[in-house]
Amino acid sequence: MLGNYLIGLREGLEAALVVCILIAYLVKTGRRDALRPVWCGVAAACALSLAFGAALEFGSQELTFEAQEALGGTLSLVSVGLVTWMVFWMRRTARHLRAELHDRLDQALTMGTTALVATAFLAVGREGLETALFVWASVRASGEGTQAPLIGVLLGLATAVLLGWLFYRGALRIDLARFFTVTGALLVVVAAGVLAYGVHDLQEARFLPGLADKAFDVSAAVPPDSWYGTLLKGVLNFQPDPTVLQAVVWCLYVVPVLVLFLRPRRRSVTA
């Protein structure tokens, strides 16, 4: 549940910040007439994200077991790739996000209502689709079979909306660069678990070998049905008996990605 809360909070806050920047800019420049098209674009992006999530959930139920595992494994790999790109993109552009959105909005204002709707739709829709895909993959990886992952995501999104509103009202100020660095590092660890589970899905679908080759088995020390086993599974997608391929892929992903993500940023020196 905590891992899914983090996903909802991180992705939701990015979308909330985008909306706040767009709305605040329009209000400050006296273009309140453009607020309605922007909200229409936001609503359309939310509707598309919900439809995409529903299609993933209900569409996969009609497939055979091997087809479900192949689809789940493939989409898990795609979601990990998207999340990895997202955390690095936000780390690189967080400080310039406001100026970039202002430039896009200025261009859209000169082009008319359709461009305003498209600007808001694309800005929020990307975050929504990433969230839907990664949450679906993470819920599959957690394997809880309860409503807890969904509740975690909804609580994360609700927190993000509240924080976005507080940012807009000027009641809350935090170091966004530090916030996105911490949550980004945590998401990399969560994504590593989703990646390992995706590999396991592809092994069960017979796309990858080594399903019977276990790297280790700590089920006796960390029972999956214990409270701490459930906590590790829900937060980090921890599996007590991973295959050799899963363990290798997890290490090959999380170590270099965290090193690259957490390394100090180079600053250009002007002579």
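Being a predicted model, the structure only gives us computed values, none of them experimental.

1. A look at the confidence of the model for the chain
When pLDDT is low, close inspection of the predicted coordinates is not appropriate. Confidence in the prediction of the chain, expressed as mean pLDDT, is 80, and 87% of residues score 70 or more. Taking the mean pLDDT of every element in the chain, the minimum, 69, falls on helix α8 (residues 227–236) and the maximum, 92, on helix α9 (residues 244–262).

2. Quick word on the packing of aromatic side chains
The full count for this structure, using the stated rule, is one aromatic pair. Taking 5.5 Å as the distance between ring centres and 85° as the angle between the ring planes, the aromatic pair formed by Phe88 and Phe261 counts as edge-to-face. In this pair, Phe88 sits in helix α3 (residues 65–93) while Phe261 sits in helix α9, placing the two residues 173 residues apart along the sequence. According to the relative accessible area criterion, Phe88 is partly exposed, its value standing at 23%.

3. Concerning the side chain of Gln239
Take Gln239: it is sitting in the loop between α8 and α9. On the accessibility criterion, Gln239 (15% relative accessible area) is buried. At a separation of 3.0 Å, a polar atom in the side chain of Gln239 contacts the side chain of Gln246.

4. A look at the pattern of salt bridges
As enumerated under the stated definition, the model contains one salt bridge in all. A salt bridge links Arg206 to Glu66, with the nearest nitrogen and oxygen atoms 3.2 Å apart. Of this pair, Arg206 sits in the loop between α7 (176–204) and α8 while Glu66 sits in helix α3; the two residues are 140 residues apart in sequence, bridging distant segments of the chain.

5. Some details on unusual backbone geometry
Here the phi dihedral of Arg206 falls at roughly 70°; this positive angle occurs in a residue that is not glycine. For Arg206, a relative accessible area of 69% gives the class exposed.

Criteria and cut-off values
Residues numbered from 1 in each chain as written. Predicted model: local features only at pLDDT ≥ 70, side-chain atom pairs only at ≥ 80, totals over all residues. Heavy atoms only, no water. pLDDT = per-residue confidence, 0-100. Helix = DSSP H or I, 4+ residues; strand = E, 2+ residues; numbered from the N terminus. Phe/Tyr/Trp six-rings, centres within 6.5 Å; stacked < 30°, edge-to-face > 60°. Buried < 20%, exposed > 50% of the residue type's maximum accessible area, 1.4 Å probe, protein only. Polar contact = N/O pair within 3.5 Å; in protein donor to acceptor, adjacent residues only side chain to side chain. Salt bridge = Lys/Arg side-chain N within 4 Å of Asp/Glu carboxyl O.

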